[in-house]
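Per-entry structural report
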Amino acid sequence: MQETAVPSAPPTPPVSLAALLSRDDLGLRQITGPPAGEVTIHGAHTSEMSDPYPYLLGGELLLTAGVHIPEAAGRPGSFDFDGYVARIVAAGGAALGFGVAPVHDTVPAGLVAACEQHGLPLVEVPPRTTFSGVARAVWQLMARARLSELRRITEAQQGLAAAASRPDPVPSVLRRLAGRLEGRAVLYGPEGAEIAAAGREPGDEVRRALAELARFVTGHPSSTATDTVAGTRLAAYALGPGRGFVLGVAAPHRESGDHTIASVAAVLLSLLTGEHQSGTGAARSSALVRLLLGARREEVAPLLGGGEGDGAVTRWYVVHARPDTGAPDAVSASALGAALGSPLVDAADDVVRVLVPAPPRAEDGGGARPERDGGVRPEGDGSVRPEGDGSVRPEAGAAAPRKPPAGSGPAGSGPSGSGPAAQPGWTLGVSAPVAPAEWPAADAQAARALARARATRSALVRHAERPGFADLVPPGEAAAHARALLAPIGAVPALAETLRAWLSLHGSWDRTAVALSVHRNTVRQRIARCAALLGADLDDPDVRMELWFALRHLRG
């Protein structure tokens, strides 16, 4: 169930090269390459470098005036056109635009031949058209595509909600979803049998593959999985943890908003199928009432279920999430919860908090979980690097351009023991797995992890829990030492929080400012105030280490 990896592209609806060529005000002309209607571009980039590979993300229309190409390039061997075009293709460039002025009067014949050989669309940009004008046109087309996509998603959400209110809600939701995706929508029961279906009947191979994908998400900690079989895009969504119901979708193509639409349908079907689960909703209501009446968290946690059978969950993750664009709403928050495998979602202000059950540990009888390509693993600093199919790769100590996770495979959870996985369109901070009594501490861990993820432009950052020298000091003594050492700044919580963020981000003013949503000068002023109050040289690594250990043990 592994798809061929392709270069990642920005999470914006692409536009057709044909739409750009149709702009009469630009006067662009395609010289060679595949038909423009089959080429999609995700942006425009100008470069006069002889090797543009390091500067491309994939999907761009690369614009050049050929400054790096000698005027004598018409002579054989004067310029390596084949190597130049090969590097553009290797970087995932969608097309090449060549300006015929002011350096060259015509597009070099060697460049035309190389583009034709590598199948790269080559577009001639006339002298009257500026590269900035081409780039502006690309962004205008992308903005229109984005607006159209948002309207499509909104209309789909409204249609699915209306279908869920009909007397036959489950078949109605499946029919509406199948119609929107122009494919097949299937509801599988706990035994793997088809309960209801709508849309065009696929071939036997696709039908068997979709059923197998549905069985995969019911037998693994992941809540979603994707595959491609016989040119058909498949997706499976587990409808709530431990229930066994799965939504399967088969469509001939996938637009950028299809995952969101299917996730909304999964949320609605989770609610509809949840009505048939004995006591699940009643148990959660009982847990809420008991909490309000003073019961301890560890006493009511078994009522929440969500693991390998009711009452089996002994550890939980707290996840803090922020959407990459806009503010979270109830529907998107519920869809995120469904993707993470938990209905316990709280959408407050700009942050969505999700309480996710952790798989049982081996010592609890849960055994080992099989790994699957496409997960993420925590690094030493708590950030995330990809496994196989392309997630974010933040460079050490640098805010690398953020790329969304790509490829097939389960999206709800990472490999065994790694907890919730990155989700498209969201930035996540994940706590360590904790017992219910430690939920408040895990909530703070997730908040700090989310701040670090935003500062480093990572899709997901986990709170790293590893044994270290600090564990050799008894917690009570460590906390007392921390309070004494940090007493001069204890009266101003903003100072301690700024110092914590600044140290965790290796003294980066800019990334600390992003993490705390303040100006970089504010960060500088607070750190200078900390140094003065503590009487410490914050450039000394020993001082930084001691303060970091103290901040880890500081509570309140």
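Computed from a predicted structure; not experimentally measured.

**Examining the nonpolar core**
Leu 160, Val 173, Leu 174, Leu 177, Leu 247 and Leu 269 are the most contacted members of the largest nonpolar core, which has 30 residues in total. Of all the secondary structure elements, the ones that give two or more residues to this core are helix H4 (131–164), helix H5 (169–181), strand E8 (184–188), strand E9 (194–199), strand E11 (232–238), strand E12 (246–251) and helix H7 (258–274). Sorting elements by how many residues they give to this core places H7 first, with eight residues. Judged by nonpolar contacts, the second largest core, of 24 residues, contains Leu 61, Ala 65, Ala 94 and Val 125.

**Examining a nonpolar patch on the surface**
On the surface, Met 545, Trp 548 and Phe 549 cluster together into a nonpolar patch covering about 260 Å² of accessible area. Residue position: Phe 549 is located in helix H17 (residues 541–553). The exposure class assigned to Phe 549 is partly exposed, which follows from its relative accessible area of 31%.

**Some thoughts on the confidence of the model for the protein chain**
Averaged over every residue, the pLDDT of the protein chain is 79; residues scoring 70 or more account for 77%. Looking at the elements of the protein chain, mean pLDDT is at its lowest for strand E16 (residues 376–378), recorded as 37, and at its highest for strand E7 (residues 122–125), recorded as 96. Within the model, pLDDT remains below 50 along residues 1–10, and this stretch shows 28 contacts once partners closer than five positions in the same chain are excluded. Between residues 275–279, whose pLDDT stays under 50, and residues either more than four places distant or in other chains, the model counts two contacts.

**Quick word on the packing of helix H2 (residues 81–90) against helix H3 (residues 109–118)**
Running from N to C, H2 and H3 cross one another at 45°; their axes reach a closest spacing of 9 Å. Considering the angle they form, H2 stands oblique to H3. Between H2 and H3 lies a crossing whose hand is right-handed. Seen from H2, the contacting residues are Phe 81, Asp 82, Tyr 84, Val 85, Ala 86 and Val 89; seen from H3, they are Gly 110, Leu 111, Ala 114, Cys 115, Gln 117 and His 118. For the contact of H2 with H3, a count of residues per class yields eight nonpolar, three polar and one charged.

**A look at the environment of Ser 78**
Inspection of the secondary structure assignment puts Ser 78 in the loop between strand E5 (60–64) and H2. Among the residues examined, Ser 78 registers a relative accessible area of 28% and is labelled partly exposed. With 32 residues separating them in the primary sequence, Ser 78 and Gly 110 have C-alpha atoms 10.0 Å apart.

**Quick look at the sheet that holds strand E10 (residues 224–229)**
Working definition: the strands of a sheet are paired by backbone hydrogen bonds and lie parallel or antiparallel to each other. Ordered in space as E9-E8-E12-E11-E10, the five strands form an open sheet in which the pairing is antiparallel. Both edges of this open sheet fall to E9 and E10, since each of them pairs with a single strand only. With strand direction ignored, the average angle separating the axes of adjacent strands in the sheet is 15°. Inspection of the sheet shows E10 paired to E11 by six bridges, in the antiparallel sense. Of the residues in E11, the one forming a bridge with Thr 226 is Ala 235.

**Looking at the environment of Gln 445**
Its place among the elements puts Gln 445 in helix H11 (residues 439–456). On the accessibility criterion, Gln 445 (10% relative accessible area) is buried. Along the primary structure Gln 445 and Arg 462 are separated by 17 residues, whereas in three dimensions their C-alpha atoms are 8.6 Å apart.

**Observations concerning the sheet that holds strand E2 (residues 29–32)**
Ordered in space as E2-E7-E6-E5-E4, the five strands form an open sheet in which the pairing is mixed. At either margin of the open sheet sits one strand with a lone partner, and together these are E2 and strand E4 (43–46). Adjacent strand axes in the sheet meet at a mean angle of 30°, parallel and antiparallel pairs treated alike. Of the pairings in the sheet, the one linking strand E6 (residues 95–99) to E7 comprises four bridges and is parallel in character. Within E7, the position partnered with Gly 97 by the bridge is Val 123. Against the sheet, H3 touches E2, E6 and E7, its axis set at about 75° to E2.

**Examining H11**
Across its 18 residues, H11 extends 25 Å between first and last C-alpha, which sits within 8% of the 26 Å expected from 1.5 Å per residue. Looking one or two places after H11, you find Arg 457, whose phi comes out positive at around 55°.

**Some thoughts on unusual backbone geometry**
Look at the link from Ala 101 to Pro 102: it is a cis peptide, with omega at 10°. Its location among the elements puts Pro 102 in the loop between E6 and H3. For Glu 182, which is not glycine, the phi dihedral falls at a positive 55°. For Glu 182, the location among the structural elements is in the loop between H5 and E8. Phi is positive for Arg 457, close to 55°, though the residue is something other than glycine. With respect to the helices and strands, the residue Arg 457 is situated in the loop between H11 and strand E19 (460–462). Judged by its relative accessible area of 47%, Arg 457 falls in the partly exposed class.

Rules and cut-offs
Per chain, the residues get numbers from 1 upward, laid out in the order the sequence is written. Given that the model is predicted, a residue must reach a pLDDT of at least 70 before its local features are reported, and side-chain atom pairs must reach 80 or more before they are shown or counted; all residues, however, enter totals for whole chains, interfaces and linings. Only hydrogens and water are set aside; all other atoms, that is, all heavy atoms of the structure, feed into the side-chain values. Here the nonpolar core consists of buried residues drawn from Ala, Val, Leu, Ile, Met, Phe, Trp, Tyr and Cys, with membership extended through side-chain atoms lying within 4.5 Å. Throughout this description, buried means an accessible area under 20% of the type-specific maximum (1.4 Å probe, protein chains only), exposed means over 50%, and partly exposed covers the range between. Strands are runs of DSSP state E lasting at least 2 residues, helices are runs of H or I lasting at least 4, and numbering of each runs from the N terminus. Note that patches include only residues with greater than 30% relative accessible area and no salt bridge, and the join distances are 9 Å for like charges and 5 Å for nonpolar side chains (Val, Leu, Ile, Met, Phe, Trp, Tyr). The accessible surface values rely on the Shrake-Rupley method and a 1.4 Å probe; as for residues, cover is taken only from the protein chains in view. When a carboxyl oxygen of Asp or Glu lies within 4 Å of a side-chain nitrogen of Lys or Arg, that pair is called a salt bridge. A residue's pLDDT is simply how confident the predictor is in it, with values from 0 to 100. We call two residues in contact when some of their heavy atoms are within 4.5 Å. The axes are straight lines fitted to the C-alpha atoms, using for helices just the contacting stretch, and the angles between their N-to-C directions are given from 0 to 180°. Relative orientations are named as follows: roughly parallel for angles under 35 degrees, roughly antiparallel for angles over 145 degrees, roughly perpendicular for angles from 65 to 115 degrees, and oblique for any other angle. Should the near helix be turned anticlockwise from the far one by less than a right angle, the crossing is left-handed, and should it be turned clockwise, the crossing is right-handed. Each residue gets one of three labels, nonpolar for Ala, Val, Leu, Ile, Met, Phe, Trp, Tyr, Cys and Pro, charged for Asp, Glu, Lys and Arg, and polar for the others, Gly among them. When DSSP locates at least two bridges between a pair of strands, those strands are taken to pair. Multiplying 1.5 Å by the residue count of a helix minus one yields the expected span of that helix.

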